[in-house]
Amino acid sequence: MVAGKAPSAPAAVEALGVTKVFNGRPANLDVYFHAFAGEIHTVLGENGAGKSTLTSMLAGVYRPDSGEVRVRGRKIAFHSPRDALRAGVGVVYQEFHLVENLTVLENALLGTGMRPWGRKRDAVGDQARQAGFDLPLSAPVRLLNIGHRQQVEILKLLLRDPDVLIFDEPTAVLGEAQVGELFATLDRLRRRGKAIVLITHRLREVRMVADRLTVLREGRTTAAGRRPAEFTDAALTELMVGPGTGAPARTREPAAMGEIVLRLVGVHLSSRSGSGLRGVDLAVAAGELVGVAGVRGNGQREIAEVAAGLAPPGRGRVEHAGGDVSFIPEDRLGMGLCRRMTIGQNLALRCYRKPPIGRPWQIDRAALQSLAERQIARYGIPARADRIVTQLSGGGLQRVVVARELDQRARLIVAAQPTRGLDIRSAEFVRRRLVEAAERGVGVLVISEDLDELMAMTDRIVVLYEGCVAADVPRSDFDRQYLGTLMLGARNDRHAS
Amino acid sequence: MNGFWVQTLHQAVIAGTPLALAGLGELLAETVGVLNLGVEGMMLIGAVTAYATALVTGNLWIALTAGALAGSLFGLLHAFLTVTLRVNQIAIGLTLVFLGAGLSGYAGQSIAGAPVAQSFETVAIPGFGALPVVGPILFRQDWVVYGAGLLGVAVWVFLRFTATGLNLRATGEDPAAADAAGVPVVAIRYLATIAGGALAGVAGGYFSLAVAHAWADQITGGQGWIALSLVIASNWKPLRLICFSLLFGIVDSLYFSLQALGTDFPSSILAMVPYVFTLVVLAIGIAWRKELGVGPAMLGRPYDREERI
Amino acid sequence: MRLERRAQASRRLGLTVPIVAVLLGLAVGGLVIRLGGTDPLLAYRTLFAAAFGSMEGWQATLTQAAPLMLTGLAVALPARMGLWNIGGEGQLTMGAVAATWVALYEPLPGWLLPVGMLLAAFAAGAVWALIAAVPRGILGLNEIIVTLFLNYIAVDFMGFLVNGPWGDKSAIGFAYSRAIPNRADLPMLAPSLSIGVLIAFAVALVAGWIVNRTPAGMTMRLVGSGTHVSCYLGLPIRRLTAIGFGGSGAIAGLAGAIQLMGVTQRLEPGISSNYGYCGILVAFLAAESITGVVVGAIIYGALIVGGLALQGAGVPFDISLVVQALTILFLVSGQAALRYRIAMGRGAGAAAIARAGR
């Protein structure tokens, strides 16, 4: 399975035929992976391809259901991340675990048992310099920008002297210049003999820095341990995304479009956990169903919040045609619903202050009940109105949110990852409702990581990459390969080789 | 400086010592994020235990140890309820005040009014003790006073310069991150709370034996609450805490001395001073030096590993 | 073995646990009583008889319950919004102070006087509470600590007034202020029960109504659920927080006026008597339900009355304090038992770290 260089020494870390199944669904199926000392090995794949599962097994978070993990040729069974660290395998996650009010030095030494002053302090300073970091050791972390925070996380790992460093989508949160700095760091680490595993979905980065690559698709290896030079961008995209099939069967008729209900002009919005928005122009007309595609972390969350009117842009303009905006948020239970309330109350969250339900000194319970029953029937919510909303599963919760939001009769609907985690019937249901709304003349903006879904429902797809609009593709030009390539940041010339 | 002031200031140091001890204990607890409002109750239970033990054994050091034990039992109870069962810290703290007040009042009935013959031996520090003015005030005190001062320095060193101290601070600021880094958050919260209780117990014992020289119901009369305010006024810095305890000890001492002199200074205004002072100091600290007067970020909140649903 | 949070509070245990907890508290308290040389059953019977066994007993219980109801509400209501108002003690005191000021210095005609006093108390309590909210908004000071301090400052301020400018020169023993005019007193329902308790009930009723049956009540719940939902719905969080805090302070202030006008007729150090703190405990035990606060206040009032009666029978009040505290501890532990269950095996740590990787 492994092509390319013949190993002269055992791999620093490797997975041999590992399989991991969650809830009946295989996240990794018979995966082979080898990373050697002194190389940068990228793991490529779409959302849900199984990259994180693989690295979680290498890092001791999960145990493989079958197959084995080896470190330097010896089979190892990790019981916890701490075991993995002791064996020399560590991870830098996308989500940082830094204590804001402690200094860089203190964060680096936390949990290591080393005293935060004197010789140990100098040791930390040395490590930081060797890695090429210019960190103010006595500054509290909360003052640091995101690139420096990542450096602190890396420093934490370096102080435990690992042989293998795994980076999970490290560039997601970084700006252009910071990416360059990070890669310089990775290069230095590689020259020191570390094995670097880099999870990414961005083809450009692979070209910049990878010695070898492994591609996962739907849990299986489609390419293992190959050199990047062996593939064109198109070839890589196909390995990640599947063979192109051109435009899929239509599931809706194009509707007559009205005036613009949403316009974003030059919108910038910075983000803690992704690229944010870096100058986005977008317009949605009444009756139009526009999709926003892209891999997580390229500005999806921010565009949803700006479009829904929840977050003002840092720069640029947002124009709504007036009236309410219906927003189906990504975080159903945390944002779109009130956990302690009943289903009926949640259904009324948009209208409980106005008649007929809301009168100044009383809530008309009968009116609320009849509204709730009506919506429960119409949207297939599988429980009674007086039950606490947390009893519902993902599908049920989303039906409540959709029911409430669509009932508002707003002119614009913003839906962020509306079918994520839903059972098939509920997902179909939600899609159908959004399509119906567009056919009724509502402007709909759907942000989704599911490219197939977007290709089926939308009139237009806008691809977000690193906070900018990579392309605005009309339905007539829908092509899975093409869109996939755009999402991965390859050059958007369709005939690139 | 005439004798009146020297005597008053000498007393002030003694009066400030229980505040310093209880304050340091509370500082440790709050550093790990536990807001222990039960200090007053722990001081009372420590006071009655120590006083009774002194009457029985005649040994003041055994008495203080007994007070520490009583206080730490309360601390253990607080920790169990708030850290393990995750009950609201404010409710538990207040309840422990009631429990401590009730238990101590009840248990102390039989010993109320009985005098303890022994008193803490004054030890002069060689050299320093002979200095004019400062000598008798600071350097001719008993070992508990010196202990409080040394403890303040020790806590400062501990928190700032040791790995375990770092663990404590991280636990109070961000228990999730500390947990991820391998810090035993639960154990630390337990130990710090128990230590806080123990120190409050010692503080109460010293108060009844060396400051008030008596036991009576509710004898500490709010010292526990003052200690709480001291922790905040000092912005959770142990060295500042020691200084402020001295200051408040002066206020206390002045009150008694003025009474003895027969002046008519309204005592209620004097009683307000610690609290107004704290608020003013905090306001100055925030406005002038940009210090955030909020303490450890997770103060008062329970830590639940599975919290995120 | 570890404690794991339940998805939904267990109904099965919902009733049995509080009962068991109370029984445990009484049992351990009984042990303490026996150690003191009294028969616990006799003691409890005396307590019950004193609080509920006669008309005088009921009047005393309800007189104690009235301020407790109000201070309990002053904690329970903002708790729904995620705010902690533990300054009830100070707000009550300042309410009484304001009412006294009106009585002594602004003698309004006729029934305007008592009404004016009540309004003044209402306003003073609200202001005292908002003083704590301002440092939180501007300086980020923890409101728990500021309200705590304001309690002490209020009590000391009252002490100053009572010993000084407003003092009754003929006072012996402890100081108190000049008496308020008779027409400022609250009318009496019974020889030793003023209508203060009716006022308290009325406030509880209105509060319960607002919380359970009006849009404002739903809004309170939403603010209490966290910032995400509130932002999502576009609620004015800051304004609502100020209203919630101020309102709860006003209710506590009202308690002060009721004490002044219905019980003591003058400003004295005992006027607050820890009602503020007991109110906090009542609110916790009631698990924030309004009915629970009313019932809890009556029970707590009974405990106080019974405790005083026991004192007469030779059981010191301290023991009652101990029994109260123990019962609360057991009850509160019981509530925790409803939220959690004991689970075997490891598991939480890896799951959390795995989530970090997503």
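Calculation notes
Residues numbered from 1 in each chain as written. Chains lettered and ligands numbered in written order. Predicted model: local features only at pLDDT ≥ 70, side-chain atom pairs only at ≥ 80, totals over all residues. Helix = DSSP H or I, 4+ residues; strand = E, 2+ residues; numbered from the N terminus. Buried ≥ 20, exposed ≤ 12 C-beta atoms within 10 Å, placed from the backbone. Contact = placed C-beta atoms within 7 Å. Pairing = 2+ DSSP bridges. Nonpolar A, V, L, I, M, F, W, Y, C, P; charged D, E, K, R; others polar. Domains from an automatic or database assignment. Axes fitted to C-alpha atoms, helices over the stretch in contact; angles between N-to-C directions. pLDDT = per-residue confidence, 0-100. Parallel < 35°, antiparallel > 145°, perpendicular 65-115°, else oblique. Left-handed = near helix turned anticlockwise from the far one by under 90°.

J.: Describe the overall build of chain B, naming the residues involved and giving the relevant values.
T.: A count of helical and extended segments in chain B gives 12 helices and two strands. Here chain B, with 309 residues, has 56% of them falling under the buried criterion. For chain B, the share of sequence-separated contacts (at least 6 apart) that also reach a separation of at least 24 residues comes to 78%.

J.: Hey, could you go over the pairing of strand β18 (residues 412-416) of chain A for me, with residue numbers and the actual values?
T.: Residue and element names in this part refer to chain A. Burial within β18 is extensive, with five of its five residues counted as buried. Burial along β18 is two-sided: the face carrying L412, V414 and A416 and the face carrying I413 and A415 are both buried. In the sheet, strand β15 (residues 325-328) pairs with β18 via four bridges, with the strands oriented parallel. From the neighbouring strand, F327 faces β18, where its bridge partner is V414. Two strands pair when backbone bridges link them, and β18 and strand β19 (residues 443-447) are joined in this way by five bridges, in the parallel orientation. Within the sheet, the bridge partner assigned to V414 lies in β19 and is L445.

J.: Which residues make up the environment of S138(A), and what are the values?
T.: Residues and elements named next belong to chain A. In this structure, S138 sits in the loop between α4 (119-130) and α5 (146-158). Taking the C-alpha atoms as reference, S138 lies 6.4 Å from L105; in sequence the two are 33 residues apart. When sequence neighbours within four positions are dropped, the list of residues in contact with S138 reads T103 and L105.

J.: Just give me the short version of the interface of chain C and chain A, but keep the residues and values in it.
T.: Counting residues at the interface gives 20 residues for chain C and 30 residues for chain A. Within the residue set of the side of chain C that touches chain A, elements represented by two or more residues are α8 (215-224), α9 (227-233) and α14 (348-357) of chain C. Here the side of chain C that touches chain A is built from residues that sort into 12 nonpolar, five polar and three charged.

J.: Any chance you could break down the domain arrangement of chain A for me, citing the residues and the numbers?
T.: Residue and element names in this part refer to chain A. Parsing chain A into structural domains produces domain 1 (13-241), domain 2 (250-324 + 410-497) and domain 3 (346-405). Just the C-alpha atoms count here: the centres of domain 2 and domain 3 sit 28 Å apart. Domain 2 puts nine residues into the contact, and the matching count from domain 3 is seven residues. When residues of the side of domain 2 that touches domain 3 are assigned to their parent elements, the largest contribution, four residues, is made by helix α14 (residues 424-439). A breakdown of the residues in the side of domain 2 that touches domain 3 according to their chemical character gives five nonpolar, two polar and two charged.

J.: Please give an account of unusual backbone geometry that cites residues and values.
T.: A cis amide bond, omega 5°, links P355(A) with the succeeding residue P356(A). For P356(A), the position within the fold is in the loop between α11 (343-347) and β16 (358-359). Positioned with a positive phi, Q417(A) is a non-glycine residue whose angle comes to about 45°. Considering the arrangement of structural elements, one finds Q417(A) in the loop between β18 and α14. The residue Q218(B) is not glycine, and still its phi comes out positive at about 55°. Following the sequence through the fold, Q218(B) ends up in the loop between α9 (185-211) and α10 (223-233). Since 14 C-beta atoms lie within 10 Å of it, Q218(B) is described here as partly exposed.

J.: Tell me about the sheet that holds strand β12 (residues 277-285) of chain A, and please be specific about residues and values.
T.: Residue and element names in this part refer to chain A. Pairing within the open sheet is antiparallel, and its three strands lie in the order β12-β11-β14. Single-partner strands in this sheet number two, and they are β12 and β14 (315-320). Strand-to-strand twist of the sheet, defined as the mean angle between neighbouring strand axes without regard to direction, takes the value 10°. In the packing of helix α9 (residues 300-307) onto the sheet, contacts are made with β11 (260-269), β12 and β14, and the angle to β11 comes to roughly 130°.

J.: Help me get a handle on the confidence of the model for chain A, residues and values and all.
T.: All names here are of chain A. A residue-level look at chain A finds 94% of positions with pLDDT of 70 or above and a mean pLDDT of 85. The low-confidence segment residues 1-5, where pLDDT is below 50, has 11 contacts with residues more than four positions distant or belonging to other chains. Taken as a whole, residues 492-497 scores under 50 in pLDDT and shows nine contacts with residues more than four places along the chain or in a different chain.

J.: If you had to explain the sheet that holds strand β10 (residues 220-226) of chain A to someone new, which residues and values would you point to?
T.: Residues and elements named next belong to chain A. Strand order in this open sheet of six strands is β6-β7-β8-β3-β9-β10, and the pairing throughout is mixed. The sheet is open, and its two edges are formed by β6 (89-92) and β10, each paired on a single side. Each strand of the sheet is rotated relative to its neighbour by a mean of 15°, with strand direction disregarded. Pairing of strand β3 (residues 40-44) with strand β9 (residues 212-217), which is carried by four bridges, proceeds in the parallel orientation. Looking across to β9, one finds that L44 is bridged to V215. This element, helix α1 (residues 51-58), spans β3, β6, β7 (164-168), β8 (195-200) and β9 of the sheet and lies at about 150° to β7. Along the sheet face, helix α6 (residues 176-191) touches β3, β7 and β8 and points at about 150° away from the line of β8.

J.: Tell me what's going on with the packing of helix α3 (residues 60-84) of chain B against helix α4 (residues 89-107) of chain B, and back it up with residues and numbers.
T.: All names here are of chain B. Running from amino to carboxyl end, α3 crosses α4 at an angle of 150°, the nearest separation of the two axes being 10 Å. Relative to α4, the element α3 is oriented roughly antiparallel. Both α3 and α4 take part in a crossing whose hand is right-handed. Seen from α3, the contacting residues are F74, L77, H78, L81 and T82; seen from α4, they are Q89, I92, L96 and G100. Considering only residue class, the contact of α3 with α4 consists of five nonpolar, four polar and no charged.

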